[in-house]
Amino acid sequence: MSKRLFLAAALLGCGLAAYYLCDATTRESDPTTVAIAQEDSASQEDAAAPTQPGAVVAVSDAIEINDLQPRQYAARLEPIDDVDIVPRVTGWIEKVNFKEGDFVNAGDLLFEIEDTTYQVAVKTAEANLEQISAEVKNAETNYTRAKDLLERQAGSQADFDDAEQRLLQARAAYRIGEAALVDARNTLSYTKIRTPISGRIGKVTVTRGNLVTPQTGKIVDVKSFAPIHVRFAIGESVFNKTFGGEGNIRERARIKICPVGEDREDAKKIEEYPEATIDLIDNKVDSSTNTVVIWATLPNQDNRFFPGSYATALVSRKLEKPAIGVLLSALQTSVEDNYVYVVDANNCVERRTVKLGPISGKYQIIDAGVRAGETIVVEGMNKLEPGAKVQPIDYETLETRLTNERQAAEQAR
């Protein structure tokens, strides 16, 4: 009989040992679980009262979110206005009134072409017009005289008709002369080449003293800097589902432009980046990439962004009202619902059913069920039941401690 009792006790002891060994191995595989377990163990050792303390859990507050986490898109900077300066008359370049790379304003004088020939053409047209003007006056006088004679029956109808015809011809010639003068003056104006837009001058292809003609082509270009276009493409599904398509994206999208090499993750830094507004949405979806191209206008008053350069467009959706967010790890799912554990003032947990919204970065938007500032369990939920007592540890503090321990371990190697 004693042998049977001894054998049964031995088997029970082996079973318990195997159970605890397996449980310890499982818990040691998760750094966060190990840290929580260590805190739990330490708390149990320090407790003087015979009552077992609650489970140690990591917690984080539900926060208020105004914009969804921005999505990142590769963007290209393009000038809104881009002009090639081409000579419209033939002549020698007498003056260049700028330096390459200068910023210029619309109407600034860039080049002066030798204009003697065109000045002569203007003076000739003016003289021709004066001559025709004299002919018009003479024709008007003859017409008046012929009309008076005809009314007094002292002149013939033929003389009157001839005078009327000469007057009409003179007036037509005057209009031709006026047009010729306008054309001559306009051609003369082409010898003064001005920029039609504000922007930055590029590389000059000809210098002072060179002969240019309309066939010379571009002699310099001007690209606008402020404002400037930002071109990027977003997926069709995001375009429609997240931003509500073309009818809503202008109101819902918030676009921050991050320069190359700058931090694209720091929320405070992102707030400092300049904001762009949607100017144009392409009229088609690119079938090869299933994306929609968008052009946004950036003020660029400090000329920080250059045409042709790259940037990152950080595009987020504006929320109609502030939303509540919890860390993704806090969310639990059952067959019936989605829920989280909320810790009350007495460190007791409550199982709270929640209605889910979109995901924003590391946060799950909660449309209903949680208020901002409430304490949410984010690690250690497997130990919990509704109403259970817990020992909460701040999640950020726990993460910091684990990071420090990993760094110390790496340095010790």
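Now for a quick tour of the structure. Everything quoted here is computed from the prediction, not taken from an experiment.

1. Side note on the overall build of the protein
Step number 1: The helix and strand tally for the protein stands at eight helices and 22 strands.
Step number 2: Looking at the protein alone, contacts between residues at least 24 apart form 73% of all its contacts between residues at least 6 apart.
Step number 3: In the structure as shown, the protein presents an accessible area of about 24,900 Å², 50% of it carried by carbon and sulfur atoms.

2. With respect to the pattern of salt bridges
Step number 1: Enumeration according to the criterion identifies 18 salt bridges in this entry.
Step number 2: For E100, the salt bridge identified is with K203, shortest N-O distance 3.5 Å. You can see E100 sitting in the loop between β5 (91-96) and β6 (103-104) and its partner K203 sitting in the loop between β9 (199-201) and β10 (211-212), a full 103 residues away along the chain.
Step number 3: Using a relative accessible area of 43% as the deciding quantity, one classes E100 as partly exposed.
Step number 4: With relative accessibility at 60%, the residue K203 sits in the exposed group.
Step number 5: D282 is the salt-bridge partner of K284, the closest N and O atoms lying 3.3 Å from each other.
Step number 6: Shared partners join several salt bridges into a network, and the residues in it are R254, K256, E271 and E275.

3. A word on the layout of surface pockets
Step number 1: Of the volumes computed, that of the second largest pocket is approximately 340 Å³.
Step number 2: Considering the residues around the second largest pocket, the lining is formed by 13 residues, among which L319, K321, A323, I365 and D367 are closest to the centre.
Step number 3: For the lining of the second largest pocket, the secondary-structure elements that each account for two or more residues are β16 (310-327) and β20 (363-368).
Step number 4: Here the lining of the second largest pocket is composed, by residue class, of seven nonpolar, no polar and six charged.

4. A word on the packing of aromatic side chains
Step number 1: For the structure shown, the criterion picks out six aromatic pairs.
Step number 2: Seen from their ring centres, F98 and F111 are 5.3 Å apart, and the 85 degrees between their planes marks the pair as edge-to-face. Here F111 lies in strand β7 (residues 109-113) and F98 lies in the loop between β5 and β6, a separation of 13 residues in the sequence. Residue F98 shares its accessibility class with F111, and that shared class is buried.
Step number 3: Ring centres of F225 and F306 lie 5.1 Å apart, and the angle between their planes is 75 degrees; on these two criteria the pair is classed as edge-to-face. Of this pair, F225 sits in the loop between β11 (220-223) and β12 (228-235) while F306 sits in the loop between β15 (291-298) and β16, placing them 81 residues apart in sequence.
Step number 4: Overall, the relative accessible area of 5% leaves F225 in the buried class.
Step number 5: Members of the aromatic cluster, joined through ring pairs, are F103, F225 and F306.
Step number 6: Between R351 and the ring centre of Y339, over which it is positioned, the NZ or CZ distance is 3.7 Å.

5. A few points about a negative patch on the surface
Step number 1: Residues D263, E265, D266 and E272 make up a contiguous surface patch of negative charge.
Step number 2: Tracing the backbone through its elements, the reader meets D266 in the loop between β13 (253-259) and α7 (267-272).

6. Some thoughts on the environment of S189
Step number 1: Within the fold, S189 resides in helix α4 (residues 157-189).
Step number 2: On a C-alpha basis, the gap between S189 and Q119 in space is 9.7 Å, while along the polypeptide they are 70 residues apart.
Step number 3: At a separation of 2.5 Å, a polar atom in the side chain of S189 contacts the main-chain carbonyl oxygen of N186.

7. Brief notes about the sheet that holds β11
Step number 1: Read from one edge of the open sheet, four strands run β4-β11-β9-β6, paired in antiparallel fashion. Looking at the sheet topology across the chains shown, the edges are occupied by β4 (82-85) and β6.

8. Digging into the side chain of Q364
Step number 1: Along the chain, Q364 turns up in strand β20.
Step number 2: Classification of Q364 by relative accessible area gives buried; the value is 5%.
Step number 3: There is a polar contact of 2.8 Å between the side chain of Q364 and the backbone oxygen of G357.
Step number 4: When sequence neighbours within four positions are dropped, the list of residues in contact with Q364 reads I324, G325, V326, L328, L331, L356, G357, P358 and I359.

9. Things to note about α4
Step number 1: In this model, α4 (33 residues) spans 48 Å end to end at C-alpha, consistent with the 48 Å of a helix rising 1.5 Å per residue.
Step number 2: Tucked into the core, α4 has its buried residues touching α3 (116-151) and β8 (192-194).

10. Thoughts on the environment of P386
Step number 1: Relative to the elements of secondary structure, P386 occurs in the loop between β21 (375-379) and β22 (390-394).
Step number 2: A C-alpha to C-alpha distance of 8.0 Å links P386 and C348, two positions 38 residues apart in sequence.
Step number 3: Not counting chain neighbours up to four residues away, the residues in contact with P386 comprise Y341, V349 and R351.

Parameters at a glance
- Residues numbered from 1 in each chain as written.
- Predicted model: local features only at pLDDT ≥ 70, side-chain atom pairs only at ≥ 80, totals over all residues.
- Heavy atoms only, no water.
- Helix = DSSP H or I, 4+ residues; strand = E, 2+ residues; numbered from the N terminus.
- Contact = heavy atoms within 4.5 Å.
- Areas by Shrake-Rupley, 256 points an atom, 1.4 Å probe, with all protein chains shown as cover.
- Salt bridge = Lys/Arg side-chain N within 4 Å of Asp/Glu carboxyl O.
- Buried < 20%, exposed > 50% of the residue type's maximum accessible area, 1.4 Å probe, protein only.
- 1 Å grid on protein atoms, 1.4 Å probe; cavity = no way out; pocket = protein on both sides within 12 Å on 5 of 7 lines; lining within 4 Å.
- Points joined across faces, edges and corners; volume = space filled by probe spheres on them.
- Nonpolar A, V, L, I, M, F, W, Y, C, P; charged D, E, K, R; others polar.
- Phe/Tyr/Trp six-rings, centres within 6.5 Å; stacked < 30°, edge-to-face > 60°.
- Lys NZ or Arg CZ within 6 Å of the ring centre and 35° of its normal.
- Patch = residues over 30% accessible without salt bridge, like charges linked within 9 Å, V, L, I, M, F, W, Y side chains within 5 Å.
- Lys, Arg positive; Asp, Glu negative; His and termini not counted.
- Charge placed at Lys NZ, Arg CZ, Asp CG, Glu CD.
- Polar contact = N/O pair within 3.5 Å; in protein donor to acceptor, adjacent residues only side chain to side chain.
- Pairing = 2+ DSSP bridges.
- Expected span 1.5 Å × (residues − 1).

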